[in-house]
Amino acid sequence: MSIATANRDVPGISVRPENFNSSGVHGGIANVHVHQFVQQAVKLCVPDQVFWCNGSDYERNRLLADAVNEGVLIPLNPRKLPGCYLHRSNPNDVARTEQCTFICTTTEDDAGPTNNWMPPVTAKELLTPLFSGCMRGRTMFVVPFMMGPAGSPLTKVGVQITDSIYVAISMGIMTRMGDVALKQLGDSDSFTRCLHSVADCDPARRYICHFPQDNAVWSIGSGYGGNALLGKKCLALRLGSYMGRQQQWLAEHMLILGAKAPSGEKTYIAAAFPSACGKTNFAMLIPPEKDRKAGWEITTVGDDIAWMWVDKTTGTLRGINPENGYFGVLPGTNWQTNQNAMQSMSHDTIYTNVALLPDGDVWWEGKTKEPPAECIDWTGQVWTPAIAATTDRKAAHPNSRFTAPMTNNPALDPAANDPAGVPISGIVFGGRRSKTLPLVFQAFNWVHGVYIGATVGSETTAAAAGQVGVVRRDPMAMLPFLGYNIRDYLTHWFSMRKLMRDCPRIFHVNWFRKDASGKFIWPGYGENMRVLKWIIDRCHGRAYAVETPLGWMPQPQDLDLDGLDLTPDTFAALQSVSHEEFKSEILGQEELFLKLAGDLPKEMIFQRELLISLL
Ligand code: GTP
Ligand code: SPV
Ligand code: MN
């Protein structure tokens with residue numbers, strides 16, 4: 001076995017395993033705990049080579065070249081898409097697999113009724129034989145990474161071991177990767193130990209196991225997205241939420257956007273929508289032309305994850321985006337719907353599971369109105385519109401995604417790297433609901449807002465394996481990402497109120513209501529600015545609203561609908577709430593209440609009783 005350190009900017013040097021010296025110093029990496037972790041992993045997985053990543057440009061180019069040589073990445077047209085590559089995942093491995101995802105805590109009660117659970121001992125007994133020798137003939141990448149900007153109070157370090165060069169390269173985009181993370185870690189032992197192997201990529205032997213009590217993740221059998229880039233959902237949400245509860249902060253499946261008004265006033269809003277329900281698009285919103293002309297600017301702090309804490313001196317909620325890049329949904333994304341996303345992926349981007357055009361460009365459903373005459377689909381087969389019409393085959397997978405550095409985003413917020421984070425004035429919850437839920441309403445107060453977040457329902461999407469389009473409860477959009485008992489999570493949310501002097505206002509939105517013919521009623525995307533302006537005004541105690549059983553609602557005259565092709569009747573239809581339909585909605589919420597059985601925080605019970613008595 002040799003240990004490749006060519007990445008130390010000195011091509012071609014390898015260090016043999018016996019050169020691990022007693023102090024653990026190797027390859028410029030001095031942290032003895034990291035060394036012990038790597039040595040244990042080497043013993044278990046038996047790789048041919050160990051490659052320590054330092055995060056340099058030199059290293060990135062070398063990894064990209066290796067990935068191309070191995071056929072893992074296909075270079076795209078360098079004139080149209082400089083620095084971009086196509087990756088095709090195993091067709092059995094295209095989305096998160098919630099049925100293979102486990103929270104491994106000593107008691108089942110710690111994981112709670114919404115998580116798959118295994119005792120840590122059982123999980124390790126089950127996974128150790130799967131990891132045993134799984135990297136024979138392969139290279140083990142050691143990927144130190146940091147979630148959060150350097151020096152932020154919540155920033156965390158992880159070390160991911162992986163045998164996937166695609167994962168190593170992706171971690172270099174999605175996180176602050178390499179020496180910068182080791183510098184933050186110093187001599188400390190407190191880093192998340194992430195062990196990952198694609199192994200034989202067999203769904204029957206796929207496990208994503210979280211050990212919150214040991215600050216560790218073991219993932220095997222998948223090379224895709226949240227299953228494999230362990231800093232994202234595993235560390236930043238599942239383990240993050242567990243730490244957040246212990247340390248009185250929140251790790252949430254939320255975007256953070258900044259909105260600068262023509263007056264210069266800057267407002268930051270966080271929003272939680274379930275997977276593939278509009279976070280990236282809302283975070284990168286481009287206002288309608290008249291708002292842009294008037295001086296409105298929307299900027300992105302984050303598009304998927306927010307870590308938020310209460311500032312002790314001011315008593316306000318502040319947030320950071322722990323990530324460094326975007327892993328964004330492609331279908332439906334185009335120059336009309338999301339120009340900032342298109343710019344973000346215009347160079348130095350990895351496209352996963354999209355179609356390849358004859359000229360080395362890429363395509364996915366919804367990129368252009370007209371499909372290409374011919375392309376190679378995401379599985380590598382010839383695809384034409386005629387084939388699609390007879391077989392229902394998509395050119396790109398519905399969960400195809402781009403991986404791009406956040407610095408590519410022309411609308412990146414100036415505070416995206418600020419360790420002090422940004423002040424959060426409003427929190428928005430939302431779901432994908434073709435019926436029942438109005439375009440927008442505001443909670444009466446924090447407790448009511450937490451109830452609204454807790455009872456969010458949304459139609460399932462292609463972001464997770466399984467049936468698409470069925471309404472399920474997805475509390476705070478965190479159902480698949482909670483690292484502990486939902487009872488304690490809701491209690492934690494309620495109790496955060498006590499730490500805050502001036503707490504954010506809470507809202508619910510639904511961009512996805514449909515008419516009788518199945519068409520979206522609301523134009524969405526950039527036009528969501530009209531709703532956002534009302535939300536911002538409400539956060540600052542300005543705009544008008546009427547009281548309804550659901551919460552505060554704008555009337556047509558309270559929202560700027562100027563220049564929008566939407567009749568007052570249509571707006572009324574968007575905002576209408578049928579008491580009968582809402583009674584069924586409350587029955588739908590029972591799904592969650594029954595799971596929590598006798599364990600419901602009392603605020604949840606009182607809020608539900610209040611809602612029922614108002615209808
Ligand atoms: P994850 O990365 O899975 O957490 O998803 P996300 O919440 O960031 O979702 P994203 O913004 O990528 O949107 C998912 C899909 O919804 C894409 O196909 C978008 O085009 C579509 N979408 C986003 N916003 C809107 C909207 O306002 N209206 C409509 N009709 N579709 C939208
Ligand atoms: C999601 O499913 O919410 C994602 C994609 O953001 S993944 O990273 O695969 O979880
Ligand atoms: Mn997500």
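Structure: above.
Now for a description of the structure that goes with this document.

### Remarks on the coordination of the manganese ion (ligand 3)
- Here the manganese ion (ligand 3) is held by the protein donor atoms Lys233 (NZ), His253 (NE2) and Asp304 (OD), which lie 2.2 Å from it.
- Coordination at the manganese ion (ligand 3) comes from six donor atoms whose angles at the metal span 75 to 176°, giving a geometry best classed as octahedral.
- Positions of the donor residues of the manganese ion (ligand 3), expressed as sequence spacing, correspond to K-x19-H-x50-D. Placement of the pair is His253 in the loop between β14 (250-252) and β15 (255-260) and Asp304 in the loop between β17 (297-302) and β18 (306-310), with a sequence separation of 51 residues.

### A closer look at the sheet that holds strand β19 (residues 317-320)
- Pairing is antiparallel across the open sheet formed by four strands, whose spatial order is β14-β18-β19-β27. Of all strands in the sheet, those bounded by a partner on one side alone are β14 and β27 (422-423).
- One ladder, built from two bridges, connects β19 with β27; its direction is antiparallel. If you follow Arg318 over to β27, its bridge partner there is Pro423.

### Some points on the site of ligand 1
- In the vicinity of ligand 1 lie 21 residues, with Ala276, Lys279, Pro331, Arg401 and Tyr525 positioned nearest.
- The contact in question runs from an oxygen atom of ligand 1 to an N or O atom on the side chain of Lys279, over 2.7 Å.
- The side chain of Asp304 places a nitrogen or oxygen atom 3.0 Å from an oxygen atom of ligand 1.
- The fraction of the free accessible surface of ligand 1 (650 Å²) that becomes covered by protein chains is 93%.
- Of all the elements, helix α9 (residues 279-283) adds the most residues to the shell around ligand 1, at three residues.
- Grouping the amino acids of the shell around ligand 1 by side-chain chemistry returns nine nonpolar, eight polar and four charged.

### Side note on the packing of helix α13 (residues 446-454) against helix α18 (residues 602-614)
- Look at α13 against α18: their axes get within 10 Å of each other, and the N-to-C directions meet at 90°. When the axis of α13 is compared with that of α18, the two are roughly perpendicular. Contacts between α13 and α18 involve Val447, His448, Tyr451 and Ala454 from the former and Glu603, Met604, Gln607, Arg608 and Leu611 from the latter.
- The residue makeup of the contact of α13 with α18, split by class, is five nonpolar, two polar and two charged.

### Regarding the sheet that holds strand β5 (residues 85-87)
- Within the open sheet, the five strands sit side by side as β4-β5-β21-β26-β20. Their pairing is mixed. Looking at the sheet topology across the chains shown, the edges are occupied by β4 (74-75) and β20 (325-329).
- Pairing of β4 with β5 involves two bridges; the strand directions are antiparallel. In the strand pairing of β5, Ile74 is matched with Leu86.

### Quick word on unusual backbone geometry
- A positive phi angle is found at Ala276, which is not glycine, with a value near 60°.
- Secondary-structure assignment places Ala276 in the loop between β16 (266-272) and α9.

### Considering a nonpolar patch on the surface
- On the surface, Phe444, Leu610 and Leu614 cluster together into a nonpolar patch covering about 260 Å² of accessible area.
- Following the sequence through the fold, Phe444 ends up in the loop between β29 (440-442) and α13.

### Observations regarding the packing of helix α2 (residues 57-69) against helix α5 (residues 165-174)
- Packing of α2 against α5 brings their axes to within 10 Å, and their N-to-C directions diverge by 145°. Considering how the two elements wind past one another, α2 and α5 form a crossing that is left-handed. Packed against α2, whose contacting residues are Arg60, Leu63, Leu64, Asp66 and Ala67, the element α5 presents Ile165, Ile169 and Ile173 at the interface.
- For the contact of α2 with α5, the per-class residue count stands at six nonpolar, no polar and two charged.

### A closer look at the pairing of β16
- Burial analysis of β16 places six of its seven residues in the buried class, the great majority of the element.
- By the bridge criterion, six bridges tie β15 to β16 in an arrangement that is antiparallel. By the bridge assignment for β16, Leu257 is matched with Ile269.
- Hairpin remark: β15 followed by β16, antiparallel, with five residues in the connecting loop; positive phi at Gly264, about 100°.
- As defined by bridge partners, β16 adjoins strand β28 (residues 426-430) across four bridges and the pair is classed as parallel. Its bridge partner being in β28, Ile269 is matched across the sheet by Gly426.

Here is what the cut-offs are and how they apply
- Residues numbered from 1 in each chain as written.
- Chains lettered and ligands numbered in written order.
- Predicted model: local features only at pLDDT ≥ 70, side-chain atom pairs only at ≥ 80, totals over all residues.
- Heavy atoms only, no water.
- Donors = N, O, S within 2.8 Å, 3.2 Å for Na, K, Ca; no water.
- Tetrahedral: all angles 85-135°; square planar, octahedral: opposite > 155°, others 65-115°.
- Helix = DSSP H or I, 4+ residues; strand = E, 2+ residues; numbered from the N terminus.
- Pairing = 2+ DSSP bridges.
- Near = heavy atom within 4 Å.
- Polar contact = N/O pair within 3.5 Å; in protein donor to acceptor, adjacent residues only side chain to side chain.
- Areas by Shrake-Rupley, 256 points an atom, 1.4 Å probe, with all protein chains shown as cover.
- Nonpolar A, V, L, I, M, F, W, Y, C, P; charged D, E, K, R; others polar.
- Axes fitted to C-alpha atoms, helices over the stretch in contact; angles between N-to-C directions.
- Parallel < 35°, antiparallel > 145°, perpendicular 65-115°, else oblique.
- Contact = heavy atoms within 4.5 Å.
- Patch = residues over 30% accessible without salt bridge, like charges linked within 9 Å, V, L, I, M, F, W, Y side chains within 5 Å.
- Salt bridge = Lys/Arg side-chain N within 4 Å of Asp/Glu carboxyl O.
- Left-handed = near helix turned anticlockwise from the far one by under 90°.
- Buried < 20%, exposed > 50% of the residue type's maximum accessible area, 1.4 Å probe, protein only.

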